[in-house]
Amino acid sequence: ADVVELPASMGKVTFPHKKHQEMLRDCTKCHEKGPGKIAELGKEWAHRTCKGCHTQLGRGPTACKDCHKK
Ligand code: HEM
Ligand code: HEM
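Residues numbered from 1 in each chain as written. Chains lettered and ligands numbered in written order. Predicted model: local features only at pLDDT ≥ 70, side-chain atom pairs only at ≥ 80, totals over all residues. Heavy atoms only, no water.

## Observations regarding the site of ligand 1
Using the following cut-off: Here a residue is near a molecule or strand as soon as one of its heavy atoms is found within 4 Å of it. A 3.5 Å cut-off defines polar contacts: any pair of N or O atoms within that distance qualifies, except that in protein one atom must be a possible hydrogen donor and the other a possible acceptor, and neighbouring residues in sequence count only when both atoms are side-chain atoms. What counts as a helix is a DSSP run of H or I of at least four residues, what counts as a strand is a run of E of at least two, and both are numbered from the N terminus. Note that Gly is not counted as nonpolar here; it falls among the polar residues with everything else outside the nonpolar set of Ala, Val, Leu, Ile, Met, Phe, Trp, Tyr, Cys and Pro and the charged set of Asp, Glu, Lys and Arg.
In the vicinity of ligand 1 there are 16 residues, among which H17, C27, C30, H31 and I38 approach most closely. Within the side chain of K37, one N or O atom sits 3.3 Å away from an oxygen atom of ligand 1. In terms of residue count, helix α1 (residues 17-24) provides more of the shell around ligand 1 than any other element does, 4 residues in total. Of the residues that constitute the shell around ligand 1, the class distribution is 9 nonpolar, 5 polar and 2 charged.

What follows is the structure in structure tokens.
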């Protein structure tokens with residue numbers, strides 16, 4: 001997928017998938033069990049995985065409204 005839209009009550013998150021593939025070059029950062037649907041995907045997973053990485057690297061969005069857009 002080029003861009004993945006993840007619905008959320010406080011506004012959908014538009015995830016630039018291709019950009020992350022090219023930038024990270026490591027599918028396992030998100031796909032622990034191999035490419036495809038992520039069964040655990042949800043608020044807890046995203047805040048841990050997405051926000052967690054952005055916080056750790058000091059790059060990428062970490063504020064609510066940087067990811068959630070109405
Ligand atoms: C979904 C492959 C890297 C996050 C998918 C899908 C595939 C895939 C085949 C299934 C849905 C679709 O294509 O429409 C890959 C490969 C990667 C990679 C081959 C490495 C080259 C990443 C990385 C992240 C990520 C690094 C996170 C930073 C996601 C998310 C979904 C997804 C959030 C949606 C999952 C769902 O709807 O359950 N990926 N991916 N992927 N990927 Fe990746
Ligand atoms: C940037 C979302 C997971 C590393 C971004 C951006 C968004 C985003 C919206 C801004 C893109 C832009 O400005 O063009 C997400 C979501 C994730 C996720 C929704 C989970 C599904 C991750 C993970 C990592 C990561 C797991 C690291 C392992 C980065 C980095 C940037 C970034 C380094 C900065 C790119 C730059 O400065 O050009 N992310 N991300 N992200 N993300 Fe993520």
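## Re the site of ligand 2
Taken together, 19 residues lie around ligand 2, and K19, H20, C50, C53 and H54 are the ones closest in. Between H20 and ligand 2, the recorded distance is 2.9 Å, taken from a side-chain N or O atom to a nitrogen atom. Measuring from a nitrogen atom of ligand 2, one finds a side-chain N or O atom of H54 at 2.8 Å. For the shell around ligand 2, the elements supplying multiple residues, two or more each, are β2 (12-15), α1 and α2 (43-57). Broken down by element, the shell around ligand 2 gets its largest block of residues, 6 residues, from α2. When its residues are assigned to classes, the shell around ligand 2 shows 11 nonpolar, 5 polar and 3 charged.

## A closer look at the coordination of the iron atom of ligand 1
Quick note on the threshold: Any N, O or S atom lying within 2.8 Å of the metal counts as a donor, and for Na, K and Ca the limit rises to 3.2 Å; water is left out, so some sites can look incomplete. Each label reflects the angles at the metal, where four donors whose angles all fall between 85 and 135 degrees are tetrahedral, four or six donors whose opposite pairs open beyond 155 degrees and whose other angles stay between 65 and 115 are square planar or octahedral respectively, and the rest are irregular. Note on exposure labels: buried denotes an accessible area under 20% of the residue type's maximum, exposed denotes more than 50%, and partly exposed covers the range between, all computed with a 1.4 Å probe on protein chains only.
Within the first shell, the iron atom of ligand 1 binds the protein through H17 (NE2) and H31 (NE2), at distances of 2.0 Å. Taken together, the 6 donor atoms coordinating the iron atom of ligand 1 span angles of 88 to 179° at the metal, a pattern that classifies the geometry as octahedral. Placement of H17 in helix α1 and of H31 in the loop between α1 and α2 is noted, with a sequence separation of 14 residues between them. For H17, a relative accessible area of 16% translates into the label buried.

## Concerning the environment of E32
Locating E32 in the fold gives a position in the loop between α1 and α2. In this structure the C-alpha to C-alpha distance between E32 and P7, which are 25 residues apart in sequence, comes to 22 Å.

## Details of the pattern of salt bridges
What counts, and what does not: We define a salt bridge as a side-chain nitrogen of Lys or Arg found within 4 Å of a carboxyl oxygen belonging to Asp or Glu.
On inspection of all chains with the given rule, the structure shows 2 salt bridges. Between K18 and E22 there is a salt bridge; the shortest N-O distance is 3.6 Å. Of this pair, K18 and E22 both sit in helix α1, 4 residues apart, which is roughly one turn of the helix. K33 is the salt-bridge partner of E40, the closest N and O atoms lying 2.5 Å from each other.

Nothing here speaks to function; it is geometry throughout.
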